[in-house]
Each structure stands twice: as C-alpha cells, then as structure tokens.
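As a plain string of letters, each chain reads:
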Amino acid sequence: MRGNLFIAEIRGFCSGVERAVRLVEHAVEEGPFPVRVLHEIVHNESVVDEFRKKGVLFAEDLNPAWEGGTLIFSAHGVTEEVERCAHSMNLNLIDATCPLVKGIHKKAAELEREGYRILLIGKRTHREIEGVIGRLRRAPQVIESRADAENAVFEKDAKYACLTQTTLSVDDCAGLFQILRDRFPEIRICGGICNATTARQTAVKKLAGRCRRIIVIGSGKSSNSRKLREVAESCGAEAILISSIEELPDSWLRDGDIGITSGASAPEYLLREAVEKLISLGWSPDGRP
C-alpha cells in the first residue's frame, strides 16, 4: 500500500449548480432551439464542454439579432440592464441564477434604498460581483484585499453596509470585516458567503488534519475551487488544483497519505475518476465517494 486516500465528506456540486445544470439539461431536451447560455453556466470546463457537444451555444454578450430559441442566464447572475434587455427579445428566457446570488442582488438593492453606501468583498471581475454592481445606482466600493479594506473611503454622516461574494473564504472575510469595523464601527456587516461554500471549506480543514497533501478537483476559473486549495494551504498542507486526474503531476505520486475533494462546480464523476486512478496506483481508500 502506498498510503491512505481520504475523501472529503462534503464536496462537489452545490444546490445552486445542480439547479443551473438541470435547467440547461431540460432545455436541451425540450427546446425551443437553439439553446444559448449567457456566459459559462458554471465555472467548469467539463460541464461546459459536455453541453457544447449537445449543441448548446455559449455567448459572452447579448446579441440583438437573436430570434427564437432559448436563452439561459448562468448561475452567477447578470446585471439589471442585461436582464431588462433579454426580456425585450423574442426568446424563451430561463434564469439559472443561484437563488443565494439572487438574494444578494435583492439585499444590495434594499440596502441602497435604505440609504446605505455599499461595500462588496470579492473579485471585481467575477461575474457574480458584476451582477451585484449592476443592481445598484451608485457604484459600490469593491474590496479584494486587506489593502483595499484599509483604504476604503468612509464619508462623514454616511451609512455603510458590506456584502460578500458567495464563494469566498470565511476566514479571509473575517479579517476584512474586522478591518472595516475598526475603521468604521457603525458599518453593517451583512455577509453573503453561502453555507455550501463554508461546508466544503470545513471539510477540507478536516482533511488537512489527517493528511499533508490535498488534491482539489475543479477549474482554475472557479473561485470556490481556488479557495479550497487556499484553505488547505492555510492549514499547512501541500495542495494542488487540477481539472481532472490526468493533470496530476508525477511528483504527486510519491508514497504517503492523500486527501481529495472537489469544488462546488465540479461534477462528481471527475472525483470518482481521480479516486479510481489513485486506487489503481496503490492507494487505499478511507471511504469511497
């Protein structure tokens, strides 16, 4: 035996991703055709490629020339303007936005109506953050780092509230929240990280307590997958993010215990393939997925 293989108790598709994928699958079966998806339905190449093989078209922007067929919004959500334009087009429109992300859209708009200035913790270029920004009349301050939090502008007599991207690390956000509170004690921290994200990160922390090498199956474009790798590393483990087992370098095939998990947008079959490969090479599973 080359070592034990420990599998994360909570891993893979979250309910929002499952819902989005299911909506596209139904559209592929029922039409009307062609089926188009605005942006990648989820951040995983395997999922997107499988849908492309079934004839699904993916686009980065709306095209006014589209007539007929089905248009699906990705799980990450869209701006209010995009939604309004899409509704004016001659298309069967399906909104696959994650319900939690829709909740962040609603909360941000409510806070703004109540007179709050909004701070968003997340990646400026992430589709989810772009969608939230597009729901606000006043441009929010986006916090990506400690430096951003330390340099956030707080105007006298203004009210501030803070929301987060759903796929971030609870630990990272806690530090940013503290900086913001220290600088502006009256700030309203509303959060936004989803329970599924937190549960997967907690499972990785447990893995790191059992083994010092952790494989994360997921796309490099996936924020939640990257965070799983970062969480493992923050616990002192050596961690790698790969889209499939074929990408695992030979240097990782040395004897010793290994942990494995998958991001919220990674299909279960990718993890199963990785587990079976490692078993065939001599690792003993602590528990099969």
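Because the structure is predicted, anything quoted here is derived from the model rather than measured.

J.: Please explain the pairing of strand β12 (residues 258-262) as it appears in this structure.
T.: Along any regular strand, the residues point their side chains to alternate faces of the sheet. With respect to burial, β12 is a largely interior element, five of its five residues being buried. Here three bridges tie strand β1 (residues 3-7) to β12, and the two strands are oriented parallel to one another. Across the sheet, residue L5 finds its bridge partner in β12, namely I258. Pairing geometry for strand β10 (residues 213-217) and β12, over four bridges, is parallel. Looking at the pairing, I215 lines up with I260 of β12.

J.: Which parts of the structure should I look at to understand the side chain of S265?
T.: Position of S265 among the secondary structure elements: in the loop between β12 and α10 (268-280). A polar contact is formed between the side chain of S265 and the side chain of S222, at a distance of 3.4 Å. Those residues in contact with S265 that sit more than four places away from it in its chain are F13, V17, V42, H43, N44, V47, S222 and N224.

J.: Mind showing me how you'd approach helix α2 (residues 45-53) here?
T.: Residue pairs three or four apart in sequence face the same way in an α-helix, which turns once every 3.6 residues. Turning to α2, its buried residues number three or more, namely V47, V48 and F51. What you see down the axis of α2 is that its buried residues fit within an arc of 95°, all on one side. On the buried face of α2, the contacting elements are α1 (15-30) and β3 (57-59). For α2, the capping residue at the N-terminal end is N44, with a side-chain oxygen 3.0 Å from the backbone nitrogen of S46. Trailing α2 by a residue or two, G55 shows a phi angle of about 95°, which is positive.

J.: Help me understand the sheet that holds strand β6 (residues 116-121), please; the structure alone is not making it clear to me.
T.: Strand pairs in the sheet, formed through backbone hydrogen bonds, run parallel or antiparallel to each other. Across the sheet, four strands lie side by side as β7-β6-β8-β9; this open sheet has parallel pairing. The open sheet has two edge strands with one neighbour each: β7 (141-143) and β9 (188-191). In this sheet, adjacent strand axes meet at a mean angle of 25° when their direction is disregarded. Where β6 lies against β7, three bridges are found, and the strand directions are parallel. Paired with I121 across the two strands is I143, which belongs to β7. Contacts from helix α4 (residues 99-113) reach β6, β8 (159-164) and β9, with the element oriented near 175° to β8. Packing against the sheet, helix α7 (residues 170-183) makes contact with β6, β7, β8 and β9, and its axis sits at approximately 150° to β6.

J.: Any chance you could explain the nonpolar core here in plain terms?
T.: When a protein is soluble and globular, its nonpolar side chains tend to lie buried together. Within the largest apolar cluster, 20 residues are counted, with the highest numbers of intra-cluster contacts made by V24, V37, I41, F51, V56, F58 and I72. The set of elements that each furnish at least two residues to this core consists of α1, β2 (35-38) and α2. If one sorts the elements of this core by residue count, α1 sits on top with five residues. Grouped together as the second largest cluster of nonpolar side chains are 18 residues, F154, C173, I179 and F184 included.

J.: Is there a simple way to think about the side chain of E40 in this case?
T.: Within the element layout of this structure, E40 appears in the loop between β2 and α2. Here the side chain of E40 touches K221 through a polar contact of 2.5 Å, side chain to side chain. Once you skip the residues sitting within four places of it in the chain, E40 turns out to touch V48, F58, S74, H76 and K221.

J.: Just to check I follow, could you spell out the environment of I215 for this structure?
T.: With respect to the helices, strands and loops of the structure, I215 is situated in strand β10. Separated by 23 residues in the primary sequence, I215 and E238 place their C-alpha atoms 8.7 Å from one another. Filtering out sequence-adjacent residues up to four positions away, I215 remains in contact with I240, I242, L248, W252, I258, G259, I260, T261 and L278.

J.: Would you mind going over a negative patch on the surface with me for this structure?
T.: Together, E45, E246, E247 and E273 make up a negatively charged patch on the protein surface. One can find E45 in helix α2. Looking at E45, the relative accessible area reads 30%, which means it is partly exposed.

J.: How should I be thinking about the state of the cysteines in this particular structure?
T.: Put plainly, two cysteines are in a disulfide when a covalent bond ties their sulfur atoms together. For the coordinates displayed, the defined rule picks out zero disulfides. Here C194 is not disulfide-linked; the sulfur of C14 is the nearest cysteine sulfur, at 5.9 Å.

J.: Before we go on, may I ask you to explain unusual backbone geometry in this structure?
T.: Backbone geometry follows two general trends: most residues other than glycine have a negative phi, and most peptide bonds adopt the trans configuration. G31 connects to P32 through a cis peptide bond whose omega is 0°. Here P32 shows up in the loop between α1 and β2. Following F33, the chain continues to P34 via a peptide bond in cis, the omega torsion being 0°. Counting through the fold element by element, P34 comes out in the loop between α1 and β2. A positive phi angle, close to 75°, is found at H39, a residue other than glycine. Within the element layout of this structure, H39 appears in the loop between β2 and α2. With a relative accessible area of 10%, H39 lands in the buried category. Even without being glycine, D157 reaches a positive phi, approximately 70°. When you line up the elements, D157 lands in the loop between α6 (146-150) and β8. The class of D157 is exposed, set by a relative accessible area of 75%.

Rules behind the numbers
Residues numbered from 1 in each chain as written. Predicted model: local features only at pLDDT ≥ 70, side-chain atom pairs only at ≥ 80, totals over all residues. Heavy atoms only, no water. Buried < 20%, exposed > 50% of the residue type's maximum accessible area, 1.4 Å probe, protein only. Helix = DSSP H or I, 4+ residues; strand = E, 2+ residues; numbered from the N terminus. Pairing = 2+ DSSP bridges. Polar contact = N/O pair within 3.5 Å; in protein donor to acceptor, adjacent residues only side chain to side chain. Contact = heavy atoms within 4.5 Å. Arc of directions from axis to C-beta. Axes fitted to C-alpha atoms, helices over the stretch in contact; angles between N-to-C directions. Core = buried A, V, L, I, M, F, W, Y, C linked by side-chain atoms within 4.5 Å. Patch = residues over 30% accessible without salt bridge, like charges linked within 9 Å, V, L, I, M, F, W, Y side chains within 5 Å. Areas by Shrake-Rupley, 256 points an atom, 1.4 Å probe, with all protein chains shown as cover. Salt bridge = Lys/Arg side-chain N within 4 Å of Asp/Glu carboxyl O. Lys, Arg positive; Asp, Glu negative; His and termini not counted. Charge placed at Lys NZ, Arg CZ, Asp CG, Glu CD. Disulfide = S-S within 2.5 Å.

Structural measurements only, silent on function.
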